[in-house]
Amino acid sequence: MTNLSQVQGREASPWSAVTGLASREVVSFLRQRSRVIASLATPIMFWLMFGAGFGSSFRGAGAAESNFLEYFFPGILILAVVFAGIFSTISTIQDRQEGFLQSVLVAPIPRWAIVSGKILGGSLLAFLQGAVLLALGPLAGIPFHVLGFALALVWLFLISVGMTALGFYFAWKIDSVQGFHGVMNTLLMPMWLLSGAFFPAAGAYWVIKALMTINPLTYGLVGLRRALYMGTPEKLVGLPSSWVCLAVVLGMILLMIGASASAVRKKAL
Amino acid sequence: MHAVITRDLSRNFGSRRALQGVSLEVAEGEIFGLLGPNGGGKSTMFKILSTLLPPSAGTAEVFGKDVVADPSAVRSLIGVVFQSPSLDKKLSVRENLEYHGRIYGLSRSERKERIQDLLGRFHLGDRKGDQVGTLSGGLARRVEIAKGMMHRPKLLLLDEPSTGLDPGARMELMAELRLARREEGVTVLMTTHILEEAEDCDQLAILDRGRIVARGTPDGLKAEISGEILTLEAEDLDALKKDIEDKLDLEVEPIAGALRIEAPKAFELSMRLGQDFGDRIQSLHIGRPTLGDVFLRKTGRLFSGEEEVLDQAEVQG
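What comes next is a walk through the structure. Worth saying up front: this structure is predicted, and the values here are computed from it rather than measured. (Residues numbered from 1 in each chain as written. Chains lettered and ligands numbered in written order. Predicted model: local features only at pLDDT ≥ 70, side-chain atom pairs only at ≥ 80, totals over all residues. Heavy atoms only, no water.)

1. So, the layout of surface pockets
Residues and elements named next belong to chain A. Considered as a void within the structure, the second largest pocket measures approximately 520 Å³ in volume. The set of elements that each furnish at least two residues to the lining of the second largest pocket consists of helix 2 (14–30), helix 4 (68–98) and helix 6 (111–134). Looking at the lining of the second largest pocket element by element, the count peaks at 7 residues for helix 4. The residue inventory of the lining of the second largest pocket, partitioned by class, reads 8 nonpolar, 6 polar and 8 charged. (1 Å grid on protein atoms, 1.4 Å probe; cavity = no way out; pocket = protein on both sides within 12 Å on 5 of 7 lines; lining within 4 Å. Points joined across faces, edges and corners; volume = space filled by probe spheres on them. Helix = DSSP H or I, 4+ residues; strand = E, 2+ residues; numbered from the N terminus. Nonpolar A, V, L, I, M, F, W, Y, C, P; charged D, E, K, R; others polar.)

Structure, rendered in structure tokens:
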């Protein structure tokens, strides 16, 4: 029989919970072979189909890349990250009502630890997928640059965290998977399309250009491009500076984690 | 000290009142059953006690800690076994317990020792490396309970633990709960809509339409009904009911396709019925009162386990 004073108010260490939650997410994912394959195959397919489809007919103003395959490549990295972030958070909707998350919600850990663990796990998955795809960069025609690619990894991680946190926020607010698909189609996909992944802002209609300017993902992508083309900065004329990009992305991360934590505190189920 | 005390606990979902002033006490070390039809308020009660749902009014305490004012302290005292699986199917039995331990902040050595213990006690040792997705329903439920016990809770809350289990697995489950209580002194509070399962609890509260309609030990509750229950089937139930009532001055209740009579001396009565109405009766059955009879006596309705309309609303809440 345990002494009551021993157990009373024993608040578990949040860090153990954060790393536990995150690592469970990654381990569980890696055991689902079809998910692993799909997560890598989909972006590669998109890249090759659009890249080959547009081919050399692509001449975006301000884009110095020689063809669409190359221009589109960083966008595809972002796509992989966005998809991964979305899929890891969409599971939250059912998971908290009839799955693993139920038992996490009744554990004596602060709500922010649950949010952080879940977002960290999802971000790691997204990051890993982006990182694997990054290895194809030189094939796309991006000259390999050690520091540049290392920095690109950092950007991929930051974007992963930001997008996963955004996905988590909506997944928690929305009660149904169908509802989440709505958000995905009207917000997350347009965010990706209007991030400069598909076409540069320079030649776009002013409304589109304005949307691209206020889209935080635009800055993530520019940060990533700047890292990738570190060796050849002449290709980056006219884009916002890395510091601006970093500030926007970090701001978005903080905002979405805060919003998510508050959503979880308000509504447990 | 009481494991659970609730006072005038109420919870509304919109205009629906899922709980209407429920007051109950669960003593430490008891196996306490909350019996009722689906939609009776059991799940609402379970969610409030597991700190997942705030009450609309009233209070609930677990070992003196208020579920609303001090949810964190309550969470450290409870182990929760949900009706729907909370195991990660892609992880092995051992890994599921391991992650649960990590989330609860158990140290590496504590986790190792505890997992060893629980695997042995729940006879899961030879399946510890199997992915949970490959286990049978009964075995998976056993892992759920082991997981709920992983952090040595003082109160184990279970929501319809035998859902989907066959009678054999259900009996095993009760045996495991008794063992857990004996070895660790854990108090058990479970919801159920299965009468046989409720029979195995030390104490029961029958919850119907958000209110407690009866409270006591299973035997004590059944003892409130004197004698036996006589059930008879016939072609023309309405006429037979009237004739029996007129002739024998008895209260006869029509229930689904049969007539039911509570009788202190059922055997004598059955002879009488045989003499007077033998040609009209198709079958006659005498039995000791069950908890279903207790429910019928208290609510005037048959215990069927299901109240679809209310159940739907509860799921949405």
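2. What to know about the environment of A197(A)
With respect to the element layout, A197(A) can be found in helix 9 (residues 177–197). As for A197(A) and T218(A), which are separated by 21 residues in sequence, their C-alpha atoms are 8.1 Å apart.

3. Comments concerning the sheet that holds strand 1 (residues 2–13) of chain B
All names here are of chain B. Read across the open sheet, the 4 strands follow the order 2-1-4-5; overall the sheet is antiparallel. Strand pairing shows two members of the sheet lacking a second neighbour, strand 2 (16–27) and strand 5 (65–66), which therefore form its edges. Sheet analysis places strand 4 (residues 57–62) next to strand 5, joined by 2 bridges and oriented antiparallel. Across the sheet, E61 pairs through a bridge with D66, a residue of strand 5. (Pairing = 2+ DSSP bridges.)

4. Focus: the interface of chain B and chain A
Chain B puts 34 residues into the contact, and the matching count from chain A is 36 residues. Here chain B is connected to chain A by 2 salt bridges. With a shortest N-O distance of 2.8 Å, E95(B) and R31(A) are connected by a salt bridge. Where chain B packs against chain A, one counts 10 residue pairs in polar contact (both at pLDDT 80 or more). Looking at the side of chain B that touches chain A, the elements that each hand over two or more residues are helix 2 (71–77) and helix 3 (93–103) of chain B. The biggest single contributor to the side of chain B that touches chain A is helix 2 of chain B, with 5 residues. Across the side of chain B that touches chain A, the residue classes break down as 12 nonpolar, 9 polar and 13 charged. (Contact = heavy atoms within 4.5 Å. Salt bridge = Lys/Arg side-chain N within 4 Å of Asp/Glu carboxyl O. Polar contact = N/O pair within 3.5 Å; in protein donor to acceptor, adjacent residues only side chain to side chain.)

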